[in-house]
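Descriptive analysis of the structure
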Amino acid sequence: SVLPDGSVLVVGGSSHDATACPGGPCKTAERWDPTASDNGKACTSNLLCSSGFCIEGVCCDKPCDGTCEACTAALKGYGEDGICEPINAGTDPQNECSVVGTGACASSGFCDGSKAACASPPVGKECHPASCIAETLLQPPSLCDATGSCIPSPIQSCSPYRCQAGACLSSCSSEDDCAQGHACTNGTCVKLKSLGQPCSSPLECASTFCVEGVCCNALCTEPCLTCAAPGKQGLCSPVAAGQPQAPGKSCPGQGACKGACDGNSAFCTMPDSTTVCALASCANGMEQPEGVCNGAGVCLLPPPKSCSGYVCEEGAGKCKTSCSGNKDCVSGYVCQEGSCVEAHGAAGQGGGGTGGTGGGGEAGTVGAAGTAAAGGGAGGAAGSEAAGAAGTAGSSAAGAAGAAAAGGGAEGAAGSEAAGAAGTAGSSAAGAAGSGTAGAGTGGVPPVPPLVAAEGGGGCGCQLPGRQPSNAKAGLGLALLLAVRRRRPS
């Protein structure tokens, strides 16, 4: 019932307090003032608290029936009695919490202290460190989820940079900091160029070969290969037949012996000994045979050949091997019977002196000497035989020497026979000098053995080597011999 001061008398309660009820439980009555707060005061029933909540033996401001909350300072670990608040973190005085999850992701098993709840697993906590799982792949740290599990994070690509020490690089100081296929340029990794793209350095190319201004698939240094052929840029391939096209490349050799590309091979094809590199020619009267290539770019010239007395034909570049006249022979040689022979082996052309005419008896005068060093002139002819005994033979002229390039001279003519017996022989005319023209003279003698010019000579106008008889004796002997022959019966 409501009392005059506005408080309410509450009856029908019971108490087991031995002091108040020594004979056992007894009925109780309590005065309740709805206008006064009694939170924190000891109570035994909700009816005894103005809030209507008797919690943990004290009047509490609210039911305080949540997990990890309490109304006494002893349970909470702080504050005042009568106020329902979260229990301190790391404690669980009422054994309400349990461990959730495993390892680094497991909960503490206590109250969390910030709310009326048990501590949850550390969601988002790093439970496994980041790592590089490939050159350019990063495995970021693994994180805890709400269930207490360690969950791997999605893999990340570091390209164009590399992954180092569990992190992606963001700048470069060398190619080692860049992903494969990239180059470090001004601190930044840039993608390398593919085959055929323009380049100025091998570092720009994914192939590492910059050839003839383009990225190439090979070093391509051979002379007959190129990396810039139309339609094949970036592919090392043979050049068209001919000379190398790439800058700085060439085939060795000179002229006809210079190598060339065949359109298929990487190296130059070199002319060999089947290639004539110098035509046969004449030089200083000698034959220079044709030159041929040696297979290494050099033209080989054989040593000059002597023409052995023959002239070398300029047009043909060869020595003549026969002659039809002295024009086919060099100086100092003459043409005899189709061959060029040395001139001192040929008789001079020209007549010897003719014998004197006249009666027998007196000897003719000495014939004049011929010129040069070839055959001698003829001796004087015998005296006439007109009468009686033979006239005295005319003296033989000195054999006229034939010219150096001519044939032998002719014998002198016989003296006349007009006189009678023992007529005196006429004088013999001087033997004419042999001319220098080619060919044998009339009455000449063969050129072998060589003729020697000398004063006097044999009866035939020849001078035998090593013998030098006197003019008179030789002429007399010849005249007597002719006279005897003419007197013999036929």
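Residues numbered from 1 in each chain as written. Predicted model: local features only at pLDDT ≥ 70, side-chain atom pairs only at ≥ 80, totals over all residues. Heavy atoms only, no water.

Considerations on the overall build of the protein chain
For the protein chain, the count of helices and strands is 2 helices and 29 strands. The proportion of buried residues among the 490 residues of the protein chain is 34%. Long-range contacts, defined here as pairs at least 24 residues apart, represent 44% of the contacts in the protein chain between residues at least 6 apart. Approximately 25,600 Å² of the protein chain is accessible, and the part contributed by carbon and sulfur atoms is 57%. (Helix = DSSP H or I, 4+ residues; strand = E, 2+ residues; numbered from the N terminus. Buried < 20%, exposed > 50% of the residue type's maximum accessible area, 1.4 Å probe, protein only. Contact = heavy atoms within 4.5 Å. Areas by Shrake-Rupley, 256 points an atom, 1.4 Å probe, with all protein chains shown as cover.)

Points about the pattern of salt bridges
Applying the stated criterion across every chain yields a total of 7 salt bridges. Note that Asp112 and Lys115 form a salt bridge whose closest N and O atoms lie 2.5 Å from each other. What emerges from the salt-bridge pattern is a single network uniting Glu313, Lys320, Lys327 and Asp328. (Salt bridge = Lys/Arg side-chain N within 4 Å of Asp/Glu carboxyl O.)

Looking at the pairing of strand 29 (residues 339-342)
Working note: regular strand, side chains alternate between the two faces of the sheet. Where strand 28 (residues 333-336) and strand 29 come together, 4 bridges link them in antiparallel fashion. Residue pairing across strands places Gln336 opposite Ser339, the latter belonging to strand 29. In textbook terms, the turn of a hairpin is the stretch between consecutive antiparallel strands, and for strand 28 and strand 29 this stretch comprises 2 residues, one of which, Glu337, has a positive phi near 50°. (Pairing = 2+ DSSP bridges.)

Here we look at the packing of aromatic side chains
In this structure the tally under the stated criterion is 0 aromatic pairs. Above the plane of the ring of Tyr78 lies Lys76, whose end atom (NZ or CZ) is 5.6 Å from the centre. (Phe/Tyr/Trp six-rings, centres within 6.5 Å; stacked < 30°, edge-to-face > 60°. Lys NZ or Arg CZ within 6 Å of the ring centre and 35° of its normal.)

Observations regarding a nonpolar patch on the surface
Together, Ile133, Leu137 and Ile155 make up a nonpolar patch on the protein surface, roughly 250 Å² of accessible area in all. Along the chain, the position of Ile133 falls in strand 8 (residues 131-134). (Patch = residues over 30% accessible without salt bridge, like charges linked within 9 Å, V, L, I, M, F, W, Y side chains within 5 Å.)

What to know about the nonpolar core
Of all hydrophobic cores here, the largest spans 9 residues; its members are Cys282, Cys307, Tyr310, Cys312, Cys319, Cys323, Cys329, Cys335 and Cys340. Setting aside its immediate chain neighbours within four residues, Tyr310 contacts Lys320, Thr321, Ser322, Cys323, Asp328, Cys329, Val330, Gly338, Ser339 and Cys340. Counting 7 residues, the second largest nonpolar core, distinct from the first, contains Val211, Cys216, Leu225 and Cys227. (Core = buried A, V, L, I, M, F, W, Y, C linked by side-chain atoms within 4.5 Å.)

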